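Structural overview
Single-letter residue listing:
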Amino acid sequence: MAETIIIRVQSPEGVKRITATKRETVGTFLKKVAKEFGFRNNGFSVYTNRNRTGEITAAQNKSLNLLKIKHGDMLFLYPSSPAGSSSETMDTSVSQNSRPGGAPQVVEDEIDQYLIKQDGKIYRNRDQQLCRHGPLGKCVHCVPLEPFDEDYLNHLEPPVKHMSFHAYIRKLTGGADKGKFVALENISCKIKSGCEGHPPWPEGICTKCQPSAITLNRQKYRHVDNIMFENHTIADRFLDFWRKTGNQHLGYLYGRYTEHKDIPLGIRAEVAAIYEPPQIGTQNSLEILEDPKAEVVDEIAAKLGLRKVGWIFTDLVSEDTRKGTVRYSRNKDTYFLSAEECITAGNFQNQQPNICRLSPDGHFGSKFVTVVATGGPDNQVHFEGYQVSNQCMALVRDECLLPCRDAPELGYAKESSSEQYVPDVFYKDIDKFGNEITQLARPLPVEYLIIDITTTFPKDPVYTFSISQNPFPIENRDVLGETQDFHSLATYLSQNTSSIFLDIISDFHLLLFLVTNEVMPLRDSISLLLEAVRTKNEDLAQTWKKSEQWATIEQLCSTVGVPLPGLQEYGAMGGSSHAVAAAMWPCQHCTFMNQPGTDHCEMCSLPRS
C-alpha cells in the first residue's frame, strides 16, 4: 500500500488539506484540488511558492515524489479568472491597484479616477512653538495627517461630521496589510437563492440563506461632500413656480462631479441646470408623472457634458406676504426629511448607483443628492442638501421600509409575511437612565438614515448656459400659461438680438425644445450645436446656424406673426419659400403646421380659431 501524505493548499478562500500518495500523478492530484475547492474547469493554477513561481501542471505527468512534494508541504492556489470558482468570492483582497475577485471590470467616474491618483494627505507647516527640530525635520506636530483623521475634521470650521468616501477607502486599505480581505459589499435583505436543504420560504429557512439582521448606524462617510449651484438664477427660476402658484414643485438637477478642496479627497456636485418633469403639485403634496422625454433629456445632457446628479423639491409655506417670509418648519424639533422623502431619495439613489471597482457587484452606494428648498431660521428660503445611507438604500431596494401615516419623522420596518421574509432591523438609543439600549425599528426615527450635505452658491457665479433677461420658457409649466411652442421660440429670438449666436442658443430648456418638439424634432441633427455649446465654440455654432434645419425652424417661427431680426440675412431659403411658409398656419392647440385653405387642424381636428 502506497504511503499516504497530506498536502496543504492555500487559496484566497483559506487553507484546505488534500490527501494523496507519493506515487500519485500531478493530474490526479489537481483533480482532487478542483473538487475540494469547487472548480468545474481548470480555472486555477497551483504553485510551490507564494510569489507564483514553480507552477504545477497536469502536463508534467510526473508523480508528487518526483516533484519533491512531501508530507505537510504547503502549495499555493490562485484562481485564473473571477468565474473560475463556484464560491461567492475567491479573492477578497483589496488594494489601491486591485479589485475584489468576482467583481466585474468597471469604469469608474472621472472624478473617482482622479481622486484615486491623489496623495490626499493633509500637510502642515512647522509649528514655531511645539516643533523642536530643524526646517527639514518632522515630528508629531507637523507630520502630514491622513485624509480620514477625525480630530482634524472635527476642528474644521464648520466641523465635518462625515469623511469623504475616498478618505474612507484610504482608511480601509491603509495600514500594514493594505486592506487585505476587505471588500465593499452591498447589504441584501433578501433570502439567498439556491438553498436546497429545505423547502422555500415560508415553509423553510436556514442560517445559510437567511439574511442577517440589520443594526442601523449613522454612516461615517458620504459619497458627495458639497452641492453647489453655479449661480442664483438657476434656483430663482425654479422657485418662480412656487411664487406664482403657491404649489410645491420638483425638478432634476443636471451638472457634473468635481473635486471639493475644502475636505480631503472630497467630491462636489455642481448644478448647471434644473429639468422639471411632468408632475402634479399642490400646497402640501407632489406626484411625479411618467416622463416620455426622460431618456432624451439624459442623452442631450450627456452630449453637453452633464449628467443627472440629484433632485430638488420645495416645501415652502408663505408666512408674511408683505415681508416675503416663509415658515421655518424643518428643524430638530420636527424633522429634516420625512420617511416618505427618505424612501423616494433611496429609490432615486438605487437608480443611480456609484460605480466602484472595490465592490464585488461593481457598484457601491450612490452620488445622487437630494436638495430641499424650505424655510430657514431667518424665515428666508434656504437650500438644504441630503443623502440617505447605504443601509436605507438596501431597505428601500428590497421593499422593507414603509412611512408612518401620522408621523412623518418615523419610518416602519415591515414584518415578515408568507410572501416576503424581512430581517429584523434595530437601532440604538439612550433611555431615561442614560443607558444605551437596542430598539426594534417599528417605528424607526429616520435621522438614522440621513446624511446632511452643505449646499452653497459661489462668490463668483459660473455660467454653463447663458442668462437672458427674457429667458425661454421652462418645460411642463402649462399651468402657468408658459408653453414651449414656436410662438414662444419666435418671441424669445425677437427679444434676444445678440450678434453672438452662441449666447442666444445656449439655453438648456431651449435645446430640449429643439430636440423634443413634435413639429420639427432635431434629435438626429443637433450634435454639432450641442458640441458648440459644450465647448463654447462660436464658429461651430455659426456653422450649424447655416444648416437647413435652422432655416426651417426660422420659417416655422415666421408663420406665427412675430418678426425675427436678421431673418433675410441668415433666414432662409429665399422669397418664394417664405411666401409659401407664410401662407401656412399653426394650430393653436397642438402647434401643427397646416396647409393654407383649411379651417381645421389636420393633426388634432380642432378648429383654426
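Residues numbered from 1 in each chain as written. Predicted model: local features only at pLDDT ≥ 70, side-chain atom pairs only at ≥ 80, totals over all residues. Heavy atoms only, no water.

By size, the foremost hydrophobic cluster in this structure holds 77 residues, and its most contacted members are Leu-489, Ile-505 and Leu-514. Residue contributions to this core peak at seven residues, all from helix H11 (residues 508-516). Counting residues in hydrophobic clusters, the runner-up holds 26 residues, among them Ile-227, Ala-269, Leu-316 and Ala-373. (Core = buried A, V, L, I, M, F, W, Y, C linked by side-chain atoms within 4.5 Å. Buried < 20%, exposed > 50% of the residue type's maximum accessible area, 1.4 Å probe, protein only. Helix = DSSP H or I, 4+ residues; strand = E, 2+ residues; numbered from the N terminus.)

What follows deals with the sheet that holds strand E14 (residues 307-315). Spatial strand order, E9-E11-E10-E14-E19-E20-E26: seven strands in a closed barrel with mixed pairing. Put simply, the sheet's adjacent strands are angled 35° from each other on average, direction ignored. Judged from the six bridges that link them, E14 and strand E19 (residues 369-375) form a sheet pairing that is parallel. Residue pairing across strands places Ile-312 opposite Val-371, the latter belonging to E19. (Pairing = 2+ DSSP bridges. Axes fitted to C-alpha atoms, helices over the stretch in contact; angles between N-to-C directions.)

Before going further, it helps to examine the packing of helix H12 (residues 527-535) against helix H13 (residues 538-545). Between H12 and H13, the shortest axis-to-axis distance is 8 Å and the interhelical angle comes to 160°. Classified by the interaxial angle, the pair formed by H12 and H13 is roughly antiparallel. Once H12 is placed against H13, the crossing between them reads as left-handed. Contact with H12, carried on its side by Leu-528, Leu-529, Glu-531, Ala-532 and Thr-535, involves Leu-540, Ala-541, Thr-543 and Trp-544 of H13 and no other residues of that element. For the contact of H12 with H13, the class distribution of residues is six nonpolar, two polar and one charged. (Parallel < 35°, antiparallel > 145°, perpendicular 65-115°, else oblique. Left-handed = near helix turned anticlockwise from the far one by under 90°. Contact = heavy atoms within 4.5 Å. Nonpolar A, V, L, I, M, F, W, Y, C, P; charged D, E, K, R; others polar.)

On inspection of all chains with the given rule, the structure shows 20 aromatic pairs. With centroids separated by 5.6 Å and ring planes inclined at 50°, the aromatic side chains of Phe-229 and Phe-383 adopt a geometry described as tilted. In this pair, Phe-229 sits in strand E9 (residues 226-229) while Phe-383 sits in strand E20 (residues 381-388), placing the two residues 154 residues apart along the sequence. Residue class for Phe-383 comes out buried when judged on its relative accessible area of 13%. Consider the rings of Tyr-254 and Phe-508, whose centres lie 5.9 Å apart with planes at 40°: the pair is tilted. Of the two residues, Tyr-254 sits in strand E10 (residues 250-260) while Phe-508 sits in helix H11, which places them 254 residues apart along the sequence. Residues Tyr-254 and Phe-508 agree in their burial class; the two are buried. An aromatic cluster is built from Tyr-252, Trp-311, Phe-313, Phe-348 and Phe-368, whose rings are joined through pairwise contacts. One cation-aromatic arrangement involves Arg-52 over Tyr-78; the distance from NZ or CZ to the ring centre is 3.9 Å. One residue, Lys-367, lies across the ring of Tyr-257, its end atom 5.8 Å from the ring centre. (Phe/Tyr/Trp six-rings, centres within 6.5 Å; stacked < 30°, edge-to-face > 60°. Lys NZ or Arg CZ within 6 Å of the ring centre and 35° of its normal.)

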